[in-house]
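Fold and geometry: a report
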Amino acid sequence: MSDNELGAFLRTRREAVTPTEVGLPSGPRRRTPGLRRSEVATLAGISVEYLTRLEQGRDRNPSPQVLGALADALRMTIEERLHLRRLEKLSSGADIPCCSAAPPPAQAVRPTVQAVVDRLEPTPAVLLNRLSDVIAYTTGYERVARPLGLLDGDRPNLLRFVFTDDRARTAFPDWERVADEQVAQLRSEVSLIDPHAQQLIDELTVLAGAPFADRVAAVPGVPRRSGVQRLTHPEAGTLRLSYETLALPDVDGQRLLIHLPADDATAAALDRLNGRQPGGLRAVGC
């Protein structure tokens, strides 16, 4: 790594983005490839002087909000945003935050809780911790969630999927509402001094940009514990799922999210996914 990888990456991306891509006129007198610093600064809501310091390596500690705004302005992909965050960490010399202020989010499942999850089969049910890490689920949930991409990776996380996976906007037709509720849930579960939550917030601020950062900065809403969620499933089509959230207050923010078919068509679709005869899961009233 050279002395100024972060600045070099920002400059390279700026020079690679055309004015047309960001909705700016492309005049004949442009002396530099791509965008001018002033244009990027305006799009990102920062000063030209600050952007210059970042590119020249004279400032190595941009906030997650600034990184997210720059990633938005430069139309970065998820992979580029991940690279940007890695470069910022290396450039600033920042370590993973000290975790003494709050315990790590629980990953273990209490045996009695696992037994409850097992007995919910074939109902789609998932156990989440305070950061929305997926830590246990029924096979019924897996058959719904895995084709969506929600269970990809070693440590799937519902919040991260909603904001950083392009498939989420297809999976959730009401994506804006789902995104609002995910942030409201996070804000209700975590403390402002929780370094594990702050690390996730910083990560998603960079990776997702304004759609996440603006929601976190807004006055937090009250999370909905029940309701109806629409899903577009690649195998089962449109699903309408009633959900209930059961909190486990003595297990550090764990919650059990249970889904039931909200109509007969969804009930039949879930039975097909589970290889069961129709009638295995009955529709519930909205």
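Being a predicted model, the structure only gives us computed values, none of them experimental.

1. A word on the side chain of T266
- As for its position among the elements, T266 is in helix α13 (residues 264–273).
- Separated by 2.7 Å, the side chains of T266 and D263 make a polar contact.
- Excluding its chain neighbours within four sequence positions, the residues that come into contact with T266 are T238, L239, R240, L241 and P261.

2. Remarks on the packing of aromatic side chains
- A complete count under the given rule lists 4 aromatic pairs for this structure.
- When the centroid spacing of 5.6 Å and the interplanar angle of 75° are considered together, the rings of F163 and W175 count as edge-to-face. Of the two residues, F163 is situated in helix α8 (residues 158–164) and W175 in helix α10 (residues 175–189); the sequence distance between them amounts to 12 residues. Accessibility assignment for this pair places F163 and W175 in one class, buried.
- With a centroid separation of 5.1 Å and 80° between ring planes, the pair formed by F163 and F212 is classed as edge-to-face. Of the two residues, F163 sits in helix α8 while F212 sits in helix α12 (residues 210–217), which places them 49 residues apart along the sequence. Just as F163 is buried, F212 falls in that class too.
- Ring pairing ties together the aromatic residues F163, W175 and F212, which thus form one cluster.
- Taking NZ or CZ as reference, R169 lies 3.6 Å from the ring centre of W175, over its face.

Rules behind the numbers
- Every residue gets a number counted from 1 within its own chain, in the order that chain's sequence is written.
- Side-chain atom pairs in this predicted model are given and counted only at pLDDT of 80 or more, local residue features only at pLDDT of at least 70, and totals for whole chains, interfaces and linings cover all residues.
- The basis for every side-chain value is the complete set of non-hydrogen atoms in the structure, without hydrogens or water.
- Secondary structure elements are taken from DSSP: a helix is a run of H or I of four residues or more, a strand is a run of E of two residues or more, and numbering for both begins at the N terminus.
- Distance and chemistry together define a polar contact, namely a pair of N or O atoms within 3.5 Å, with one atom able to donate a hydrogen and the other to accept it when in protein, and with adjacent residues in sequence counting only for side-chain atoms on both sides.
- Note on definitions: a residue-residue contact is assigned when non-hydrogen atoms from the two residues lie within 4.5 Å.
- When the centres of two rings from Phe, Tyr and Trp lie within 6.5 Å, Trp using its six-membered ring, the rings pair. Their planes under 30 degrees apart give stacked, over 60 give edge-to-face, and anything left gives tilted.
- Between buried and exposed lies partly exposed: a residue is buried under 20% and exposed over 50% of the maximum accessible area for its type, with that area taken using a 1.4 Å probe on protein chains only.
- As a reminder, the over-ring test applies to NZ of lysine and CZ of arginine, requiring each to be within 6 Å of the ring centre and within 35 degrees of the ring normal.

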